[in-house]
Amino acid sequence: MNPILTYTIDETDRVISTNSEWDSFAKQSDAADLEYSVHGKSIWSFIGAEKLKNLYFQLFEGVRATQKAVDINFRCDNAQVMKFMNMSIEPEPNNYLKISTCLLREISRKKALAREVFYLGLKNGTPMCSNCNRVYPHETVGWIEVDKALSSKLISEKLNVTFEICESCIEYFDKTINKLKKGD
Ligand SMILES: [Zn+2]
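What you see is a predicted model; the values in this text were computed from it and never measured.

Peer 1: Any chance you could explain the sheet that holds strand β5 (residues 97-108) here in plain terms?
Peer 2: By way of backbone hydrogen bonds, the strands of a sheet pair with one another, either parallel or antiparallel. The sheet built from five strands is open, its strands ordered β2-β1-β5-β4-β3 with antiparallel pairing. Both outer strands of the open sheet, β2 (15-18) and β3 (70-75), are each paired with one neighbouring strand and no more. Within the sheet, the average angular offset between the axes of one strand and its neighbour, ignoring direction, is 25°. Here helix α2 (residues 50-66) sits on the sheet and contacts β3, β4 (81-91) and β5; the angle it forms with β4, its principal contact strand, is near 35°.

Peer 1: Where do I start with unusual backbone geometry in this structure?
Peer 2: Among all residues except glycine, the phi angle is most often negative; among peptide bonds, the trans geometry is most common. Of note, the phi angle at Gln67 is positive, near 60°, even though the residue is not glycine. Tracing the chain through its elements places Gln67 in the loop between α2 and β3. Despite not being glycine, Lys153 has its phi angle at roughly 60°, a positive value. With respect to the helices and strands, the residue Lys153 is situated in the loop between α4 (146-151) and β7 (161-164). Since 8 C-beta atoms lie within 10 Å of it, Lys153 is described here as exposed.

Peer 1: Help me understand the nonpolar core in this model?
Peer 2: Side chains of nonpolar character tend, in soluble globular proteins, to be buried together. By size, the foremost hydrophobic cluster in this structure holds 17 residues, and its most contacted members are Cys129, Val135, Ala149, Ile155, Ile165 and Cys169. For this core, the elements supplying multiple residues, two or more each, are α2, β6 (121-129), α4 and α5 (167-182). Ignoring anything within four residues of it in the chain, the contact list for Cys169 reads Cys129, Asn131 and Cys132. By size, the runner-up hydrophobic cluster in this structure holds six residues, among which are Ile9, Ile43, Leu97 and Leu180.

The rules behind each value
Residues numbered from 1 in each chain as written. Predicted model: local features only at pLDDT ≥ 70, side-chain atom pairs only at ≥ 80, totals over all residues. Pairing = 2+ DSSP bridges. Helix = DSSP H or I, 4+ residues; strand = E, 2+ residues; numbered from the N terminus. Axes fitted to C-alpha atoms, helices over the stretch in contact; angles between N-to-C directions. Contact = placed C-beta atoms within 7 Å. Buried ≥ 20, exposed ≤ 12 C-beta atoms within 10 Å, placed from the backbone. Core = buried A, V, L, I, M, F, W, Y, C linked by C-beta atoms within 7 Å.

Have a look at this one:
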């Protein structure tokens, strides 16, 4: 029920090994173009939003510099379920990092979303946070859950999204990075 996906990246952030859970993950996932083979690829080729890349980059560098593990929560929703995930980043010899992600809990949506909501990452779409999966229909409502935005008719099911990162996730990453650097 709660498989842990782990992979190891080398000092240049290339994926060098994955555990056996990856095969079943690839088969179960409804991401249309999910890469079955991630070996040898840069971890950065899997993260779309530039700001999020930068925050993960700082986390990875922090773990390498302090040789301390760190944990971060994120969402990996799909059209049917909201998935609350955790990622742990642990130092390994030679500046390698072991990255493990696990599902903390999942909540089925009352109504499944059209697939397009999640898989059309377009320019000039409605902003969606890559980390918490909330959307930003307009400034008066701010960042809200997709289901709420849909039921309040603030977005349509055929929504086009542009991946970004929201202010509270930036703050969450910054706090985690600072805590790691301070050695708490
Ligand atoms: Zn967010």
